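Residue strings, one per chain:
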There are 2 protein chains.
Amino acid sequence: MGKKLFVEEFQGLDFSMKYGVEKTLFCGQSDFQSVDIVETKTFGKMLLNDGLVMVTERDEFVYHDMIAHVPLFTHPCPRKVLIIGGGDGGTAREVLRHDVVEKCVMVEIDAMVVEASRTHLPSMSCSLDHPKLELRIEDGIKYVEETDEVFDVVLVDSTDPIGPAAPLFGSAFYQNVYRCLAETGIVVAQGESSHYEKKSQEKLLSIVSEIFPVRALYNYHNLTYPGGMWSFALASKGPHPLKDFDSSKVSASRLNFRYYNEAVHWGAFALPSFQKDLVGGYLSP
Amino acid sequence: MGKKLFVEEFQGLDFSMKYGVEKTLFCGQSDFQSVDIVETKTFGKMLLNDGLVMVTERDEFVYHDMIAHVPLFTHPCPRKVLIIGGGDGGTAREVLRHDVVEKCVMVEIDAMVVEASRTHLPSMSCSLDHPKLELRIEDGIKYVEETDEVFDVVLVDSTDPIGPAAPLFGSAFYQNVYRCLAETGIVVAQGESSHYEKKSQEKLLSIVSEIFPVRALYNYHNLTYPGGMWSFALASKGPHPLKDFDSSKVSASRLNFRYYNEAVHWGAFALPSFQKDLVGGYLSP
């Protein structure tokens, strides 16, 4: 690589993606996971948890646009938003661009991710002191179990279903999310990959299909996730992401996004046939 | 990787994708490029030209569905099809599934790619002896310059614009493609990546925009191309891939595809904002 340092992420035993590293900026072990931030030459700064690439400065706009704006433009009036996870701050940053949002609660279990992002990833963590944001360093599982607050949109911005995030892919968690959601509430969750994590994806959709009347899956192109094609799962008590999507709200918002736009909203739900075969049975028409 | 052999493809100097190899099946040097076929554990057999991954058994359906079926379902009656390149045979295989196709001419410059694919990639090369196929081992550049044949659809199934494929990204080539196309003719070309090869993509679109009245770009998710999001460029003398797309023809064809379907046809043209900013100026409305 012409570099002395690199990070290499394995997907299984036989495939890896390797990034040349200019400098290690942060290297820690929290109670939950290892947290590393490195400066790469071609992807900017990169956050890794337990050795897996979470976000890079180069492509984080894709993930954060798609986790936030699809549900926020689907919901008729998303005043209160809950983020579970999302310690780097990118999801909160995008949520808070919507003027209609009055309050955003972000519940991140790992203070180290938040603090390291505040120091080294200012382009993502820049909204963590926003007056509409309530940042809580605690377990999101417990929070949805115990809170009396009611939300319009819940965003589950989690790592893979191993380690601290495993219960976020469970049925008890989604029953509590359902309880916390208002009548027209929507939840969107990091939904894994139909190529590489199809069992996790299928299990997640099977769980939400038993709880929510509306279920959909949508795809996005992430440079630094293996295979590029990753998905978000969307479930709701009523609003449908295509039937109830009023695309004129996007231009009326006067917001500009680097990835998301009206066409991308529609197009992301166009699932390739192999993916429909895999999970179509769990999705609502 | 737990393997003694691996192949590693670099995208620039600071990023690579690495695949564990079980066995090397073919290793040759033609007049044009190096040709390798290896057996990988998780992607099946893999063809590399000059060390770059061209196709793997695991994900070739994505590329071949999208290069062939988007134009063939856009064109009102694609009787005659020309393939430039496509030595592995996967594109011809998909073209020949359309009963309406009466003749398909495939012009591949490198006999070694064809012969190695015949021997080691039967799932792709299986249609190379199809009675409707005329396989010519010669230079596609010269072919479109000299032929008197007229085609409804031309598919440029090429490698990157370095080495033997470089002239396939040039203006003279596209002027000749225009000449070979019937009145409602469509050309689709491997269109590179808006993330990693944006200069090549922009140059290609700038060239076709000076020759063809209709120009569009569409995306697909390829597991083994860096970043996952790659594009095809479509240009035509008349038919528009969205305005003139009659989606009922897809179900009427009774063909089943692992990636392509009506929704994917629409969705593939939904370009993310950064991509529209990059190349939107070259595309027709």
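Definitions and cut-offs
- Residues numbered from 1 in each chain as written.
- Chains lettered and ligands numbered in written order.
- Predicted model: local features only at pLDDT ≥ 70, side-chain atom pairs only at ≥ 80, totals over all residues.
- Heavy atoms only, no water.
- Helix = DSSP H or I, 4+ residues; strand = E, 2+ residues; numbered from the N terminus.
- Rg over C-alpha atoms; globule rule 2.2 N^0.38 Å.
- Contact = heavy atoms within 4.5 Å.
- Lys, Arg positive; Asp, Glu negative; His and termini not counted.
- Charge placed at Lys NZ, Arg CZ, Asp CG, Glu CD.
- Buried area = accessible area lost by both parts, 1.4 Å probe.
- Salt bridge = Lys/Arg side-chain N within 4 Å of Asp/Glu carboxyl O.
- Nonpolar A, V, L, I, M, F, W, Y, C, P; charged D, E, K, R; others polar.
- Pairing = 2+ DSSP bridges.
- Buried < 20%, exposed > 50% of the residue type's maximum accessible area, 1.4 Å probe, protein only.
- Arc of directions from axis to C-beta.
- Least-squares fit on C-alpha atoms with pLDDT ≥ 70 in both.
- 1 Å grid on protein atoms, 1.4 Å probe; cavity = no way out; pocket = protein on both sides within 12 Å on 5 of 7 lines; lining within 4 Å.
- Points joined across faces, edges and corners; volume = space filled by probe spheres on them.
- Axes fitted to C-alpha atoms, helices over the stretch in contact; angles between N-to-C directions.
- pLDDT = per-residue confidence, 0-100.
- Phe/Tyr/Trp six-rings, centres within 6.5 Å; stacked < 30°, edge-to-face > 60°.
- Polar contact = N/O pair within 3.5 Å; in protein donor to acceptor, adjacent residues only side chain to side chain.

### A word on the overall build of chain A
Here comes step 1: A tally of helices and strands in chain A yields 10 helices and 12 strands.
Here comes step 2: Relative to the compact-globule value of 19 Å for 285 residues, chain A shows a C-alpha radius of gyration of 18 Å, a close match.
Here comes step 3: Along the first, second and third principal axes, the C-alpha atoms of chain A reach 55 × 45 × 40 Å.
Here comes step 4: Contacts in chain A between residues at least 24 apart in sequence constitute 66% of all its contacts with a sequence separation of at least 6.
Here comes step 5: Taken as two groups, the 27 positive and 39 negative side-chain charges of chain A have centres that lie 4 Å from each other.

### Some words on the interface of chain A and chain B
Here comes step 1: Taken together, the contact between chain A and chain B spans 41 residues of the former and 41 residues of the latter.
Here comes step 2: Interface of chain A and chain B: buried area, both sides summed, is about 3,300 Å²; carbon and sulfur atoms make up 58% of it.
Here comes step 3: At the boundary of chain A with chain B, the tally comes to two salt bridges.
Here comes step 4: When the shortest N-O distance is used, the salt bridge between glutamate 8 of chain A and lysine 18 of chain B registers 3.1 Å.
Here comes step 5: When contributions to the side of chain A that touches chain B are tallied by element, the ones reaching two or more residues are β1 (5-10), β2 (15-29), β11 (214-221), α9 (262-268) and α10 (273-279) of chain A.
Here comes step 6: Among the elements that make up the side of chain A that touches chain B, the one with the highest residue count is β2 of chain A (six residues).
Here comes step 7: Taken together, the residues of the side of chain A that touches chain B break down into 21 nonpolar, 12 polar and eight charged.
Here comes step 8: In this sheet, strand β2 (residues 15-29) of chain B lies alongside β2 of chain A in antiparallel orientation, the contact comprising five bridges. Bridge pairing links methionine 17 of chain A to methionine 17 of chain B in β2 of chain B.

### Looking at helix α6 (residues 171-180) of chain B
Residue and element names in this part refer to chain B.
Here comes step 1: Those residues of α6 lying buried are Phe173, Tyr174, Asn176, Val177 and Cys180. Along α6, the residues classed as buried sweep out an arc of 160 degrees about the axis, all on the same side.
Here comes step 2: The secondary structure elements touched by the buried residues of α6 are β6 (80-85), α5 (140-146), β9 (151-157), β10 (181-190) and α7 (198-209).

### Topic: the relation of the copies chain A and chain B
Here comes step 1: Between the two copies, chain A and chain B, the superposition gives an RMSD of 0.0 Å; the rotation angle is 180 degrees and the shift along the axis is 0.0 Å. What the superposition gives is, in effect, a two-fold axis relating one chain to the other.

### As for empty space enclosed by the protein
Here comes step 1: Going through the model one piece at a time under the given rule, you end up with two cavities of 30 Å³ or more.
Here comes step 2: Quantified by volume, the largest cavity comes out at close to 230 Å³.
Here comes step 3: Looking at the largest cavity, it is lined by 19 residues, and the ones nearest its centre are His221 and Gly267 of chain A together with His221, Gly267 and Ala268 of chain B.
Here comes step 4: Mapped onto the lining of the largest cavity, the elements with two or more residues apiece are β11 and α9 of chain A together with β11 (214-221) and α9 (262-268) of chain B.
Here comes step 5: Considered class by class, the residues forming the lining of the largest cavity number 13 nonpolar, six polar and no charged.
Here comes step 6: Considering only enclosed or pocket space, the second largest cavity measures out at about 40 Å³ in volume.
Here comes step 7: As for the second largest cavity, its lining consists of Tyr174, Val187, Val188, Ala189, Leu204, Val208, Ala233, Leu234 and Ala235 of chain A.
Here comes step 8: Secondary structure elements with two or more residues in the lining of the second largest cavity: β10 (181-190), α7 (198-209) and β12 (229-236) of chain A.
Here comes step 9: Considering only residue class, the lining of the second largest cavity consists of nine nonpolar, no polar and no charged.

### Things to note about the sheet that holds strand β8 (residues 133-137) of chain B
Residue and element names in this part refer to chain B.
Here comes step 1: One open sheet accounts for seven strands, arranged β8-β7-β6-β9-β10-β12-β11; its pairing is mixed. In this open sheet, the two edge strands, each paired with only one partner strand, are β8 and β11. Going across the sheet, the axis of each strand differs from the next one's by a mean of 15 degrees, ignoring polarity.
Here comes step 2: Here β11 pairs with strand β12 (residues 229-236) via eight bridges, running antiparallel. Paired with valine 214 across the strands is serine 236, a residue of β12.

### Quick notes on the pairing of β11 of chain B
Here comes step 1: By the criterion of burial, β11 of chain B is predominantly enclosed, with eight of the eight residues buried.
Here comes step 2: Covered by surrounding structure in β11 of chain B are Val214, Ala216, Tyr218 and Tyr220 of chain B together with Arg215, Leu217, Asn219 and His221 of chain B, the residues of both alternating faces.

### Brief notes about the confidence of the model for chain A
Low-pLDDT portions of the prediction should not be read for the details of their coordinates.
Here comes step 1: Overall, the prediction assigns chain A a mean pLDDT of 95, with 99% of residues at 70 or greater.
Here comes step 2: The ipTM assigned to the predicted complex is 0.94, against a pTM of 0.95.

### Here's the deal with unusual backbone geometry
Here comes step 1: Positioned with a positive phi, glutamate 192 of chain A is a non-glycine residue whose angle comes to about 65 degrees.
Here comes step 2: Looking at where glutamate 192 of chain A falls in the secondary structure, it is placed in the loop between β10 and α7.
Here comes step 3: The exposure class assigned to glutamate 192 of chain A is buried, which follows from its relative accessible area of 0%.
Here comes step 4: Its identity as a non-glycine residue notwithstanding, aspartate 50 of chain B has a phi of 50 degrees, on the positive side.
Here comes step 5: Looking at the secondary structure, you find aspartate 50 of chain B in the loop between β4 (45-49) and β5 (52-56).

### Thoughts on the packing of aromatic side chains
Here a ring pair, both rings aromatic, is described through the centre-centre distance and the interplanar angle of the planes.
Here comes step 1: Considering all chains together, one arrives at 38 aromatic pairs over all chains under this definition.
Here comes step 2: Judged by centre distance (6.3 Å) and plane angle (75 degrees), the rings of tyrosine 63 of chain A and tyrosine 225 of chain A are edge-to-face. Within this pair, whereas tyrosine 63 of chain A is found in helix α1 (residues 60-74), its partner tyrosine 225 of chain A is found in the loop between β11 and β12, the two being separated by 162 residues in sequence.
Here comes step 3: Ring centres 5.5 Å apart and planes at 40 degrees place the aromatic pair tyrosine 218 of chain B and phenylalanine 232 of chain B in the tilted group.

### Regarding the side chain of serine 231 of chain A
Residue and element names in this part refer to chain A.
Here comes step 1: Within the secondary structure, serine 231 is located in strand β12.
Here comes step 2: A polar side-chain atom of serine 231 sits 3.3 Å from a polar atom in the side chain of glutamine 275.
Here comes step 3: Apart from the residues within four sequence positions on either side, serine 231 is in contact with Ala189, Gln190, Gly191, Glu192, Ser194, Gln201, Leu217, Tyr218, Asn219, Tyr220 and Gln275.

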